[in-house]
Amino acid sequence: MTRVPSAVDEGRVPGSGVPRGLGAVAFTAVGLSVALTIMIGLLGPSAMVPGLPGPSWQPPYSLGLRPDGHLVIAMAAAAIVLGGLGLAAALRSRWRPDPRWLLAAGCVTAALLAFLPPSGSADHLNYAAYGRLVTLGRDPYAVTPAELPGDPVTGAVEEWTGVTSVYGPVATALQALASLAGGDSVRLTVSVMAVFNAAAFVVTALLLHRFTRGDTDLQRRAALLWTVNPLMIYHLAAGMHVDTLAIACMVAALTARGAGSGLLLGVGIGVKLNAGLVALGPAWELRRSPGRLAVVAGTAVATVLVIYGAAGPHVLDQVGTASKKVSLGTPWQLVKVGLQGLSGPGAYSAWIQSGSLLLLAVLAWLILRAAPWDTAPGVAAVMVVAWLFAAPYALPWYDGLAFALLAMASWPALERFMVARVTILSLGYLPAREALRPADLLWLKTVVRERVVPWSLLVLTLALVWWAARAGARARRRPASAAPGP
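So, how was this worked out
- Residues numbered from 1 in each chain as written.
- Predicted model: local features only at pLDDT ≥ 70, side-chain atom pairs only at ≥ 80, totals over all residues.
- Heavy atoms only, no water.
- Phe/Tyr/Trp six-rings, centres within 6.5 Å; stacked < 30°, edge-to-face > 60°.
- Helix = DSSP H or I, 4+ residues; strand = E, 2+ residues; numbered from the N terminus.
- Buried < 20%, exposed > 50% of the residue type's maximum accessible area, 1.4 Å probe, protein only.
- Lys NZ or Arg CZ within 6 Å of the ring centre and 35° of its normal.
- Axes fitted to C-alpha atoms, helices over the stretch in contact; angles between N-to-C directions.
- Left-handed = near helix turned anticlockwise from the far one by under 90°.
- Contact = heavy atoms within 4.5 Å.
- Nonpolar A, V, L, I, M, F, W, Y, C, P; charged D, E, K, R; others polar.
- Expected span 1.5 Å × (residues − 1).

Counted according to the given criterion, the structure contains eight aromatic pairs. Ring plane angle 80° and centroid distance 5.1 Å describe the contact between Y127 and Y167, whose orientation is recorded as edge-to-face. Placement of Y127 in helix 4 (residues 123-135) and of Y167 in the loop between helix 4 and helix 5 (169-182) is noted, with a sequence separation of 40 residues between them. You'll find Y127 and Y167 in the same group, each marked buried. Connected via pairs of aromatic rings, a cluster forms that spans W373, W411, F417 and W467. Directly above the aromatic system of W284 lies the positively charged group of R287, at a separation of 3.9 Å from the ring centroid. For R421, the ring lying beneath its charged end belongs to F389, and the centroid distance is 5.4 Å.

Quick look at the packing of helix 16 (residues 376-390) against helix 18 (residues 412-428) now. Look at helix 16 against helix 18: their axes get within 12 Å of each other, and the N-to-C directions meet at 35°. For helix 16 against helix 18, the interelement crossing comes out left-handed. Residue-level inspection shows V385, L388 and F389 of helix 16 in contact with helix 18, the latter providing L414, F417, M418 and R421. Taken together, the residues of the contact of helix 16 with helix 18 sort by class into six nonpolar, no polar and one charged.

On to helix 18. Across its 17 residues, helix 18 extends 25 Å between first and last C-alpha, which sits within 8% of the 24 Å expected from 1.5 Å per residue. With 13 of 17 residues buried, helix 18 is to be regarded as a mostly interior element.

Structure representation (structure tokens):
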């Protein structure tokens, strides 16, 4: 795929805002945020020791302490705020550390976090359970963990005991591989998956560093957006979400060519279905080369058909159910509450699905009009950003795909919207793990997640629409004003 243009093209000069002195402060904030994330792993809650009464606070590799839940949540809040503010300022800083040092720091951090218990949500327990079901000869797309409550692995699942797998067959295969290694040990199973996750994070960092070679400003920006991005480290390296695997495949696909690109696109979709939005980038870039497009698209489609076809008839059951859900932290939650008040429970689904598709189309069109490039990574980034802002169901770790793509495309204005979005949404999911929230902090869900975050994201979405419309209008005027006179 086409390499990213020079950083000075289209007036996109990194580091044109924050002075060097404040830039050092910004990078310090980023470092403190990452340090807090590591401390949460050492001290924080984990349910990876079965047999203890109630949620276990004893991680497998930790300082052996049982910290107060308020302390852990306060540390996470500090990590998110410092990370968001520090990242926003560092992206505009005139202080320019060597990107190789940023690459090394991020990779070492990801490797270290692979040996600490996952923090944030309890999704790693779901992954372990689905892998366990496969090794026991059960179909995780048809059988729920609740159907094997006595098993030491499936019985460790917290909020999602009655839900079948929503993840792609490639993710399920890796989960089954970890389960084969871990047996009936939750700890060992999750540890193996953590190694897979850290490897994917590091591979993505290395691919981005190579993709932006020849321009140290772009390499530094790519490192900030992914490798040392404290919010991505918090959610994807420390949180160990399967999204990391899909992102690695998609970034690799955008750096490959021909059938190799199509194969990697198919594997990424095999990890998580919504990663398929990235395929629109190569499709757009190759639209004038029908032969090359046919090779990439044909290989990708064939790969997806083989992967999902081999997984059995129930592989998309939970995907269909999940597509109708509305998460508490999105603006669509406000619409849902309003429609339920008017029409009763359940009457909102079709309206919200239609509205989200319309918003997706409008956002994608407006942002593409303003885009300073039409490369595969850039178009893919626009489509993913539009989807994130329009989707009724969104969680903060979903934003990792947009950050990885923006690291390949470099568009400072759009990056700032994404930093604001993931910071707001992250604060709404403190903690994302319901079982470990102290009872007197229920307001974090009922007030922050259900009210403050949806309204804040609604304002941010409207700001994105306004900015994109104005930027698109300016972009259309520039060619006309630059045209030669009679």
